[in-house]
Amino acid sequence: MKHFNVYVKPEILAYILLFIGFVSGIVLSFVLGENHGNTKLLWLDNILIYLKYCDVEYADMVFYVLKKRISVFLFFVIICLSKKGKYIFLGGVGVAGGFAGYFLTEFIMAKGVLGSLLFACFLFPHYICYAYVYYKILLFFLRDKNKWENINQNGQRRGAASIPKDVYFIKNIAPFAVVIIGILLECYVNPFFVKLFLKIFM
């Protein structure tokens, strides 16, 4: 990875992995579709019927989403402290691209062009916050971690720390507040947009 970074910037590598994962997700969706036919798309219809005609239990939803999102965020914060955290996070970028490609294809196969809009609706607006947070964590791995650990580009430790560790710690933990905002948007704002979209178009 150290020699590879000489030729390819780490940010470009992350985008490449995201793209590869996205394409792989699309291919996987088509492969599974051929094996199971249209029956495997029934799960989406069931979810849409529930969201369109049933009331959302906001208290239960907040508890579920809070536990899910915070656990993922804390996981990535913890691996920030490990030497192999960069590779785990880059692998996660590829997996995220795979999920995006798979479910986008599923939505389009089930609902046509409206499926792509519905998929975007399911991600709005909370994933703006989540994408920002994980992008900041990615930048920490690819740019700031060596500064935080006081290591130069050759992998050698400098004689004295030029940047206080608490500055980098606060800077990269601050997105926790953005995660909380994203959770509130996911629980209270996103259901409104999804229900509105379903009432108008479906």
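What counts and what doesn't
- Residues numbered from 1 in each chain as written.
- Predicted model: local features only at pLDDT ≥ 70, side-chain atom pairs only at ≥ 80, totals over all residues.
- Heavy atoms only, no water.
- Phe/Tyr/Trp six-rings, centres within 6.5 Å; stacked < 30°, edge-to-face > 60°.
- Buried < 20%, exposed > 50% of the residue type's maximum accessible area, 1.4 Å probe, protein only.
- Bend = angle between axes of the 7 residues up to and from the residue.
- Helix = DSSP H or I, 4+ residues; strand = E, 2+ residues; numbered from the N terminus.
- Salt bridge = Lys/Arg side-chain N within 4 Å of Asp/Glu carboxyl O.

K.L.:
So what about the packing of aromatic side chains? Which residues, and what values?
P.N.:
This model, assessed by the stated rule, comprises 13 aromatic pairs. Between Tyr102 and Phe103, the ring centres sit 5.2 Å apart and the planes meet at 90 degrees, which makes this aromatic pair edge-to-face. A relative accessible area of 17% means that Tyr102 is categorised as buried. Look at Phe192 and Phe193: their rings are 5.6 Å apart centre to centre, the planes differ by 70 degrees, and that puts the pair in the edge-to-face class. A relative accessible area of 29% places Phe193 in the partly exposed class. Clustering of aromatic rings is evident, with ring pairs tying together Phe75, Phe76, Phe89 and Tyr134.

K.L.:
Residues and numbers for helix 9 (residues 175-201), please.
P.N.:
The largest bend in helix 9 is about 40 degrees, located at Glu186. Buried residues of helix 9: Pro175, Val179, Gly182, Ile183, Glu186, Cys187, Asn190, Pro191, Val194, Lys195, Phe197 and Leu198, and no others.

K.L.:
Explain the pattern of salt bridges to me, using residue names and the numbers behind them.
P.N.:
Throughout the structure, instances matching the rule amount to 2 salt bridges. The salt bridge involving Lys111 is made with Asp45; its shortest N-O contact spans 2.8 Å. Highlighted residues: Lys111 in helix 5 (residues 85-111) and Asp45 in helix 3 (residues 42-53), separated in sequence by 66 residues. The partly exposed category is assigned to Lys111, whose relative accessible area is 27%.

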